[in-house]
Amino acid sequence: MENAILVGLSRQVTLERQLDVVANNIANVNTTGYKADRSLFEEYLNSGAHEDNFIGPDRRVSYVQDRATFHDFTQGAVEQTKNPLDVAINGDGLLAVQTPGGERYTRDGNLQMNNLGQLVTASGNPVLGTSGPIVFQPTDHDINISPDGTVTVLEGISRTDSIRGKLRLVSFADAQSLLKQGGNLFAAGASAPQADIKSTVQQGFVEKANVNAVAEMSRMMEVMRTYTQISTLMQQQNDLQKSAIEKLADVPA
């Protein structure tokens, strides 16, 4: 196979992966607390497609390699909801939640109360406090969540605040080791969670996705345009090779 076709194929493979990443970002543009993914590529040098004994750096061919994807943890815009259970996190912290698969972490502060009185995420996963799940009583009202995550209520006709728990905020020394699990959740991966005492929460607000829809759509069109251009180039290369073979066949022996 010609080197030009090999290089083109390597680029198309990475473009296909990049398109998947961009499309997923666009699909989650309205997902609360969603963190975008970015693609990372690098040059990969290897010997060309040849069957001789020539050894030299001038014969090495530059391919494109899909190195990895990484999480973009930049802060998203904050939107007011006036829902007393909603919280937006200012800082690097994540909420700890309990799922059937174990403890997971999220930036999605769109919280609710289930029929058991537990504070849960929109997916129904219990939100963990520093002493376990946070549970409200049937007579609780006037819920207040302070910047440090302490949840207090007024119970019945009482005028004295009652504490129902404190949101457990965690951070990671290596946030890139977090693994996306679907459902807007992260798994710890190789990094262990640490108590986050620097982040604060803002009651009645949620953090929107940090995805710029216009920029992502532009990036998608650029990827598709580049893919088409490479396809055209590879077709021209194939036609040139075909023409050369046909002309060689017409040369008298």
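For the structure itself, look to the data block above.
This report concerns the structure included in the present document. (Residues numbered from 1 in each chain as written. Predicted model: local features only at pLDDT ≥ 70, side-chain atom pairs only at ≥ 80, totals over all residues. Heavy atoms only, no water.)

### A short note on the packing of aromatic side chains
And then number 1: Enumeration over the complete set of coordinates arrives at two aromatic pairs.
And then number 2: For the pair Phe73 and Phe186, a centre-to-centre distance of 5.7 Å together with 40 degrees between the ring planes defines the contact as tilted. Placement of the pair is Phe73 in the loop between β2 (60–71) and β3 (78–80) and Phe186 in strand β16 (residues 185–187), with a sequence separation of 113 residues.
And then number 3: With 5.2 Å between their ring centres and 80 degrees between their planes, Tyr105 and Phe172 make a pair best called edge-to-face. Taken as a pair, Tyr105 in strand β6 (residues 102–106) and Phe172 in the loop between β14 (169–171) and β15 (179–182) lie far apart in primary sequence, 67 residues in all. Both residues of the pair, Tyr105 and Phe172, belong to the buried class. (Phe/Tyr/Trp six-rings, centres within 6.5 Å; stacked < 30°, edge-to-face > 60°. Helix = DSSP H or I, 4+ residues; strand = E, 2+ residues; numbered from the N terminus. Buried < 20%, exposed > 50% of the residue type's maximum accessible area, 1.4 Å probe, protein only.)

### A short note on helix α1 (residues 3–27)
And then number 1: Compared with the 36 Å implied by 1.5 Å per residue over 25 residues, the 36 Å span of α1 between its first and last C-alpha is a close match.
And then number 2: All of the buried residues along α1 are Ile5, Gly8, Ser10, Gln12, Thr14, Leu15, Gln18, Val21, Val22 and Asn25. (Expected span 1.5 Å × (residues − 1).)

### Some remarks on the nonpolar core
And then number 1: Counting 18 residues, the largest nonpolar core has Leu119, Phe136 and Leu167 as its most contacted members.
And then number 2: When residues of this core are traced back to their parent elements, those giving at least two are β4 (87–90), β5 (94–99), β11 (140–145) and β12 (150–155).
And then number 3: Grouped together as the second largest cluster of nonpolar side chains are nine residues, Leu94, Ala96, Val170 and Phe172 included. (Core = buried A, V, L, I, M, F, W, Y, C linked by side-chain atoms within 4.5 Å.)

### What to know about the pairing of β15
And then number 1: In the sheet, β15 pairs with β16 via three bridges, with the strands oriented antiparallel. Its bridge partner lying in β16, Lys180 is registered against Phe186.
And then number 2: Linking β15 to β16, which pair antiparallel, is a turn of two residues; within it Gly183 sits at a positive phi near 65 degrees. (Pairing = 2+ DSSP bridges.)

### A few points about the environment of Asp142
And then number 1: Note that Asp142 resides in strand β11.
And then number 2: Here Asp142 falls in the exposed class, since its relative accessible area comes to 54%.
And then number 3: The spacing of Asp142 and Leu154 is twelve residues in sequence and 5.8 Å in space, taken between C-alpha atoms.
And then number 4: In contact with Asp142, other than residues within four places in its own chain, are Thr152, Val153 and Leu154.
And then number 5: A polar contact of 3.0 Å, which involves the side chain of Asp142, links it to the side chain of His141. (Contact = heavy atoms within 4.5 Å. Polar contact = N/O pair within 3.5 Å; in protein donor to acceptor, adjacent residues only side chain to side chain.)

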